[in-house]
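Here are the chains, one letter per residue:
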Amino acid sequence: MRVQVAIIGSGPSGLLLGQLLTNAGIDNVILDRVDRDYILGRIRAGVLESGTTRLLDEAGAGARMHAEGLIHDGFSLSFSGRRHRIDLKRLTGQSVTVYGQTELTHDLMDRREATGGKAIYNARNVTPHDFGGAPYVTYEKDGVTHRIDCDFIAGCDGAHGASRAAVADKGMKAFERVYPFGWLGVLADVPPVDHELIYANHIRGFALCSQRSLSRSRYYVQVGLEEKVENWSDDAFWDELRRRLPDDVAQALVTGQSLEKSIAPLRSFVAEPLRYGSLFLVGDAGHVVPPTGAKGLNLAASDVHYLFEGLRDFYLDKTDAALDAYSSRALARIWKAVRFSWSMTQLLHRFPDSGDFGQRIQEAELDYLTTSHAAQEAMAENYVGLPY
Ligand code: FAS
Ligand code: PHB
């Protein structure tokens, strides 16, 4: 097979890039090592920036998001037993859309199928080759090794994929911060405790009240790295969540059986550069952020925006400038989002070495936020997403 662009990874990055390329008449194929159902079974992000929703519309896959997504004009911070709302709409003129990554991925998969996009699932040992010369990708399926020749390879295969591994010794510089805790998350078919998200700072640890619809909620509590999900019954989770919320919220909480329960580790990671000849790192393949700032999926979208512009100009306008600028343009926005996610994580989580002094400092910063328009505006413009 020969295509113009070979995309490794069928998550949000790969599917969004693939659809934009297909819509522009640029021939591409998506390869993934697992199948559709496995990908759709992973519960991940929930908050979309307006840039992400615009790209979904551009891909022609935004209809269900507009029909079922929830527009949120703000979110709340809770600490010291009280709550303060950050009014995103008043502070920035923008809102965010609450719509699960699972649904977004499903919509993009359906759109790809409807527009005849090529996708190869259960492709084993996908390997990018010769991206400094005549690039190609190999993979194994049904006991046969296949080869796909291409002009470019988009490494959309996440934090543990073949693309980042292939460039690790090709001059890649890694920047990493590992946090000493994780998030225990629960998905349940219960009505959300509030109409917006609540991020809670508590001496026992961070908690987050999120949602997927008016009847399906997503909750998280910070846990130590030694924790095992099998040691957490649903009741133990709900009890711990209640302890970390203001009394009125804890009393209003509707609990139920978990549909999914998992622990996600938290870390910040950035690979520089994001381009290696004709191979480009996109989304989690190039960077990972702690989910505190709801940036992971949204950064993948802005990477796709920059790379698609580069590929479109290369093929349609015969110019290289945007493609050559991909890495620097994407990294400029990535680092600002990495900083924001790091700062929100520092502000809201209990660190082992925090001590009482550290807790007071966090509470003082949160208290300052509630009284300073400038501080709220800075938080709000980062949360809704900085310009592309
Ligand atoms: P993805 O990891 O989504 O997709 C990569 C794809 O590549 C996968 O389908 C995988 O099967 C495939 N792949 C991997 N290696 C391969 C190989 N060698 N060959 C072929 N295919 C390969 N972000 C938020 O904003 N909020 C959240 O709450 C949040 N929670 C998260 C929880 C977890 C456990 C994780 C891991 C991430 C979370 N994220 C969250 C971040 C997440 O949403 C990512 O930003 C988003 O999935 C990035 O999308 P992709 O870049 O497409 O990578
Ligand atoms: C989620 O709903 O999964 C979610 C929302 C906001 C975050 C992190 C996760 O900051």
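It should be emphasised that the depicted structure is a prediction, and the values quoted were computed from it without experimental measurement.

A. Spotlight on the pattern of salt bridges. All told, the structure shown has 29 salt bridges when counted by the stated rule. Close ionic contact of Arg329 with Glu309 constitutes a salt bridge, the shortest N to O distance being 2.9 Å. Residue Arg329 is found in helix H12 (residues 326–348), and its partner Glu309 is found in helix H10 (residues 296–317); the two are separated by 20 residues along the sequence. In the salt-bridge network here, residues are joined through shared partners; they are Arg64, Glu68, Glu103 and Asp107.

B. Main features of the sheet that holds strand E13 (residues 173–188). What the eight strands build is an open sheet, ordered E6-E5-E14-E15-E16-E13-E17-E20; its pairing is mixed. A strand with exactly one partner marks an edge of an open sheet, and here the two such strands are strand E6 (82–86) and strand E20 (287–288). Taken together, the two bridges between strand E17 (residues 258–272) and E20 define a ladder with antiparallel strand orientation. What sits directly across from Val270, in E20, is His287. Together, strand E5 (75–79), E13, strand E14 (198–200), E17 and E20 form the strand contacts of H12, whose direction differs from that of E17 by roughly 125°.

C. Main features of H10. A rise of 1.5 Å per residue sets the reference length of H10, with its 22 residues, at 32 Å; its end C-alpha atoms lie 31 Å apart and thus fit the reference within 8%. Note on H10: the residue one or two positions beyond its end, Lys318, has a positive phi of about 55°.

D. Spotlight on the domain arrangement of the protein. Domain boundaries assigned for the protein yield domain 1 (5–71 + 95–176 + 267–344) and domain 2 (180–265 + 350–384). The gap between the C-alpha centroids of domain 1 and domain 2 is 29 Å. On the side of domain 2, 16 residues touch domain 1, which itself brings 21 residues to the contact. Taken together, both faces of the contact between domain 1 and domain 2 bury some 1500 Å²; the carbon and sulfur share is 66%.

E. Focus on the state of the cysteines. Tallying each qualifying case throughout the model produces zero disulfides. A disulfide-free cysteine, Cys156 has its sulfur positioned 13 Å from the sulfur of Cys150, the nearest such atom. Taking the relative accessible area as the measure of exposure, Cys156 reaches 7% and is therefore buried.

F. Region of interest: the site of ligand 1. Near ligand 1 there are 29 residues, and of these Ser13, Asp32, Arg44, Gln101 and Asp284 occur at the shortest range. In the model, an oxygen atom of ligand 1 is placed 3.2 Å from a nitrogen or oxygen of the Pro12 main chain. Contact distances for ligand 1 include 3.2 Å between a nitrogen atom and a backbone N or O atom of Arg33. Relative to its free-state accessible area of 990 Å², ligand 1 is covered by the protein chains to the extent of 86%.

G. Highlighting the nonpolar core. Of all hydrophobic cores here, the largest spans 72 residues; its most connected members are Val5, Leu17, Leu307 and Leu311. In terms of residues, this core owes the most to one element, H10, which gives nine residues. Setting aside anything within four residues of it in sequence, one finds Val5 in contact with Leu21, Ile26, Asp27, Asn28, Val29, Phe152, Ala154, Leu311 and Tyr315. Among the nonpolar cores identified, the runner-up in size contains 32 residues, and Leu77, Leu91, Tyr220 and Leu348 belong to it.

H. Summary view of the sheet that holds strand E11 (residues 144–149). Ordered by their spatial adjacency, three strands build an open sheet running E9-E10-E11, and the pairing between neighbours is antiparallel. Lying at the two open borders of the sheet, with one neighbouring strand each, are strand E9 (124–129) and E11. Taking each pair of neighbouring strands and ignoring which way they run, the sheet shows an average axis angle of 15°. One ladder, built from four bridges, connects E9 with strand E10 (residues 136–141); its direction is antiparallel. Paired with Thr127 across the bridge in E10 is Thr138.

Cut-offs used in this document
Residues numbered from 1 in each chain as written. Chains lettered and ligands numbered in written order. Predicted model: local features only at pLDDT ≥ 70, side-chain atom pairs only at ≥ 80, totals over all residues. Heavy atoms only, no water. Salt bridge = Lys/Arg side-chain N within 4 Å of Asp/Glu carboxyl O. Helix = DSSP H or I, 4+ residues; strand = E, 2+ residues; numbered from the N terminus. Pairing = 2+ DSSP bridges. Contact = heavy atoms within 4.5 Å. Axes fitted to C-alpha atoms, helices over the stretch in contact; angles between N-to-C directions. Expected span 1.5 Å × (residues − 1). Domains from an automatic or database assignment. Buried area = accessible area lost by both parts, 1.4 Å probe. Disulfide = S-S within 2.5 Å. Buried < 20%, exposed > 50% of the residue type's maximum accessible area, 1.4 Å probe, protein only. Near = heavy atom within 4 Å. Polar contact = N/O pair within 3.5 Å; in protein donor to acceptor, adjacent residues only side chain to side chain. Areas by Shrake-Rupley, 256 points an atom, 1.4 Å probe, with all protein chains shown as cover. Core = buried A, V, L, I, M, F, W, Y, C linked by side-chain atoms within 4.5 Å.

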